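As a plain string of letters, each chain reads:
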Amino acid sequence: MDFQDTPEEAAFRKELQEWIAAHAPTALPADPDERAASLHGWHQALASAGYVGLTFPAEYGGRGLPPTYEAVLNDELGAGGHPPPPAIGHITNAVRIFGTAEQKNRHLPVMLACTERWCQGFSEPEAGSDLAAVRTCAAREGDSYTVDGHKIWTSEALWSHWCLLLCRTEPDRPAHRGLSMLLVPLDTPGVECRPIVTASGTREFAEVFFDGARVPATHLLGEPGQGWEIAMRLLGYERGPADIGWIARLARMLTLLENDIRSGAVEAGPSAREAVARAWVSLRTLQLHVLRTLSARLDGSLPGPEGSIDKLLLTETDQLLNHVIMDVRGAAPLVEEDAALDAYFWSRAQSVFGGTRQIQHDIVARRVLGLPDGRTPR
Amino acid sequence: MDARLTDEQRLLQQVAGEIAADASAGWTALAGAGFVGLHVQAGPGGAVAAALVAERFAAALTPMPYVGAGVWTPALLAAAGAGEAQAAVEEGRLRFAPVLRPDLSAPARDGEEGVAFDAEGADAGLVIASDGRLRAVALGEPARGADLTRTLRRVPADAPEQRFPLGRPLTARDRIRTEAVVLAVLAADLLGTAQRALDDAVAHIRERRQFGVPVGSFQAVQHLASHAAVLVEGARSAMRHAAWAATELPEDEALLAARQAKAACSTAARDVAETAVQLFGGIALTWEHPTHLRLRRILLSRAVLGDESAQYRAIADRRLAPAGGD
C-alpha cells in the first residue's frame, strides 16, 4: 500500500498541472445552454491534450495508463476548481468490451476526441428502476432493424450524434434475455429528440422517440439478447465516480466555496466552518475510496457490484456538500438564482439517475452482503 | 499510487487475527510477537502495521491495552529517545498508559487532574510536561468506565512522579507525529469494532426468520445493512490512507489525514453499531449479547483525542485559514 505517486505518476501530474495552469477555466457561463457548449469545448481541449481516455488502449486513441491515473486527473482538476472531464467512461468501455473490430475502430477514436458525442438510451416511461421492462423494440428485417419506441431521461441527447440504445429484439424470450444493444445515429429518419427542461433550467435531459427508424444490423453491439449483460457492465463503470468525472465536479464545488471563505467573500461562522470541514471529510473519504477501487483494477479485474458502494458514497457526499453550500451561501442563490441552485438540484438527482439510491442498496445487500432476494416474482 | 494491501500486510492481519482469537494470549505473547511498539520497529509504513493489528484486536474485543500501551506510549518513548524504557516496554516488562484530560480530548496538562487511557496492567501513566519532557506518574483508582474491554484510571493532580529515565523533551513536531499515528490507530480500532458488529448482524438477519422468511430478505432491513456496509468501506479507505500518511507525509499533512480518518471512522462506527443493534433487536442491548460491548468500545474510541466535531473544528482551522492556507 503506497499512496505516493510513482515517478511516472509524479511526472504525469506535473505535466498535467502545467497544462491546467495554461488552459483550464474555473468560471463557467451562467446560462445552461452556454454552459453546456462551454463544457463541450473544454472536453475537446482536454481530449486534444491527451487527457481523455487515459486508461484506454493506445490503439483506440487512449494512453494505455493504469486506472489510478484517472484519480490523478480528477484530483488535479477538482482541487484547482476546474470543470470535470467528460462523462464517457461507461459508454466507451461498453464499446471497447463488446464491440467488433470495425465498431471499435469507427467509434472509439472519435468518442475519445470528443468530436462525436453519445447518449445512453436506457430508461423508458414504464422502465425506470425496473430496467428489464424495456418495451422499445427493434425488429430484424433483412440487414437492418426497425426501431419503434420511446426513451426518457436520455442525458445529452440534444447534443449527441449517437445513441447507445437498449431495446427488445427477441420478444419471445424472458424479460432480461430479450434485450439487445444497438448503436443508433440520431440523425436517422424516424428519430426525434424533445428536451426536458429540468428544475434548474438545463436541457440536458430529453425524450427520444423512435418511429420506424431503420438501423443497419451491423450496428448491433454484441450478440442478439446480450443487451442486459452489456447494460449491467456499463452501469458498473457508470457507478464508479472516477469513470465519469463526478469526483472532480464535487471537488471543484468545495474548492470554490473554500476559496470564497478564505478570501472573506463569503462569511462563515463556527458552525458553518464545521459543516464545510464535514463536507471535506466526506469528499476525501470518497476520493480515497475511489482510489482503492481503481487500485483493485490494477490487476486487470473489472468493476463488480461493489461499484454501488462508490455510487452511494458519491451520492451522500454530493447531497451533503450541496446542503452545506446552500446553507453557507444563505440568501444569495435565492435572491439571485445562480450556479449553486443548479448544483443543488443536480445533487437531488444524484440519488435517482444511474440507478436510484434504493436500487444501489438492493445491489449492495444482495450481491455484496449476500442477503436473500425477497422480491415477489412478477 | 496503489491502495492495495501487500502480501506482507495481509499476513500480518492474519497473525493478528489468530492472536486476538486466542483467549490465553496475554501481553507477553503480544510483546513476543513484536506487536508492542510495532510501528516504531517496523520503520516506514509502521503505522499501517499497527493499524491493521489494532483493527483485528478491536474486532475481537481483545481486552488488551493495545492502542494505549502497545502504540501510543511506545511512540512517545521512541520520540523522546528513551531507549532503555522503550526496550523494556517492547519486551513487555514495563507498561505505560497515556494520561488524558478528563474530557479525553487531548493529552493531560502536567500537574492537572487526568484520566489514564488503556491502563490495564500499566506500571505508570505518561504525562507530557510543559517543557516537553515525559514524566511517569503513579496511577490512581480505576474509573467505572463504559467500555468494559479497556481500563481507565484516575490520575490526581498531585499524582506522585515515578522515577524512570525518559529521554529528552519532545518537540512540537514529535507531538504532532505521535498524534497522527495515534489518531490513525484509533480510527482502525473504530473500524474493526464496527466491521465485526456489522458482520454479526448480517449473519443474524440471514438466519432469523419472521413471517416465514429470513428477515434479511425484507428490503427495509437490507437497506439498513447496506447503509452500514457503505459506511464501513468508506471508513476503511480513509483509515488506511491515514495510517500510511502517519509516517510517510510531513507532520502537518499526516495530522490532517489522521483527523480526516478519525472523523470518518467516528461517525461511521457509531452509526454502524447502532444499526447492528437495530438489526439484532432487543437482545443486542442485553448481557446475553456482545453488541453493546462493541458500542461501548466505539463510544470511548470516538471520544479519545476528540470526536468528529472536534476533528471538524481542527480541520476547519487548518483548511480555512485566510489566504496562504491549504
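Calculation criteria
Residues numbered from 1 in each chain as written. Chains lettered and ligands numbered in written order. Predicted model: local features only at pLDDT ≥ 70, side-chain atom pairs only at ≥ 80, totals over all residues. Helix = DSSP H or I, 4+ residues; strand = E, 2+ residues; numbered from the N terminus. Rg over C-alpha atoms; globule rule 2.2 N^0.38 Å. Buried ≥ 20, exposed ≤ 12 C-beta atoms within 10 Å, placed from the backbone. Contact = placed C-beta atoms within 7 Å. Nonpolar A, V, L, I, M, F, W, Y, C, P; charged D, E, K, R; others polar. Axes fitted to C-alpha atoms, helices over the stretch in contact; angles between N-to-C directions. Parallel < 35°, antiparallel > 145°, perpendicular 65-115°, else oblique. Left-handed = near helix turned anticlockwise from the far one by under 90°. Core = buried A, V, L, I, M, F, W, Y, C linked by C-beta atoms within 7 Å. Domains from an automatic or database assignment. Pairing = 2+ DSSP bridges.

1. Thoughts on the overall build of chain A
Scanning chain A from terminus to terminus reveals 12 helices and 8 strands. Here the C-alpha atoms of chain A give a radius of gyration of 21 Å, agreeing with the 21 Å that 2.2 N^0.38 yields for 378 residues. Principal axes of the C-alpha set define a box for chain A whose edges measure 65 × 45 × 45 Å. In chain A, which comprises 378 residues, the proportion classed as buried is 47%.

2. Concerning the interface of chain A and chain B
When the parts come together, some accessible area is lost, and that loss is often what is quoted as the size of the interface. Taken residue by residue, the interface counts 41 residues in chain A and 46 residues in chain B. When grouped by side-chain class, the residues that make up the side of chain A that touches chain B number 21 nonpolar, 8 polar and 12 charged.

3. Details of the packing of helix α9 (residues 251-280) of chain B against helix α10 (residues 291-303) of chain B
Residue and element names in this part refer to chain B. Two elements in contact, α9 and α10, have axes whose closest approach is 10 Å; the angle formed by their N-to-C orientations is 165°. Taken together, α9 and α10 sit at an angle that is classed as roughly antiparallel. In terms of crossing hand, the pair formed by α9 and α10 is left-handed. Each of Ser-266, Ala-269, Arg-270, Ala-273, Ala-276, Val-277 and Phe-280 in α9 lies in contact with α10, whose residues at this interface are Thr-291, Arg-294, Leu-295, Ile-298 and Arg-302. Its residues placed into classes, the contact of α9 with α10 shows 7 nonpolar, 2 polar and 3 charged.

4. Re the nonpolar core
Among the nonpolar cores identified, the biggest contains 218 residues, and Ala184(B), Ala225(B) and Met239(B) are the most heavily contacted of them. Here Ala184(B) is in contact with Ala47(B), Ala51(B), Met239(B), Ala242(B), Ala243(B), Ala246(B), Ala258(B) and Ala261(B), once residues within four sequence places are set aside.

5. Comments concerning the packing of helix α8 (residues 270-296) of chain A against α9(B)
Two elements in contact, α8(A) and α9(B), have axes whose closest approach is 10 Å; the angle formed by their N-to-C orientations is 95°. Viewed along their axes, α8(A) and α9(B) adopt a mutual orientation that is roughly perpendicular. Between α8(A) and α9(B), the contacting residues are Val281(A), Arg284(A) and Thr285(A) on the first element and Gln260(B), Ala263(B) and Ala264(B) on the second. Looking at the contact of α8(A) with α9(B) residue by residue, the class counts come to 3 nonpolar, 2 polar and 1 charged.

6. A closer look at the environment of Asp373(A)
In this fold, Asp373(A) is placed in the segment after α12 (357-368). C-alpha of Asp373(A) to C-alpha of Asp362(A): the two residues are 11 residues apart in sequence and 8.8 Å apart in space. Other than its neighbours up to four places away in sequence, Asp373(A) contacts Arg366(A) and Ser217(B).

7. A few points about the domain arrangement of chain A
All names here are of chain A. As far as domains go, chain A holds domain 1 (7-112), domain 2 (118-224) and domain 3 (233-368). For domain 1 and domain 2, the distance between their C-alpha centroids amounts to 26 Å. Between domain 1 and domain 2, the contact holds 12 residues from the first and 11 residues from the second. Across the side of domain 1 that touches domain 2, the residue classes tally to 8 nonpolar, 3 polar and 1 charged.

8. What to know about the sheet that holds strand β6 (residues 161-162) of chain B
Residue and element names in this part refer to chain B. Strand order across the open sheet formed by 6 strands is β5-β2-β1-β3-β4-β6, with mixed pairing between neighbours. Strands at the two margins of the open sheet, each flanked by one partner only, are β5 (153-155) and β6. The strands touched by helix α5 (residues 66-80) within the sheet are β1 (96-100), β3 (124-128) and β4 (134-137), with β1 carrying the most contacts at an inclination of about 85°.

9. Quick notes on the environment of Ala75(B)
Residue and element names in this part refer to chain B. Among the structural elements, Ala-75 can be located in helix α5. Placed 200 residues apart in sequence, Ala-75 and Thr-275 show a C-alpha to C-alpha distance of 35 Å. Leaving out residues up to four positions away in the same chain, Ala-75 has contacts with His-39, Val-40, Thr-178, Val-181 and Val-182.

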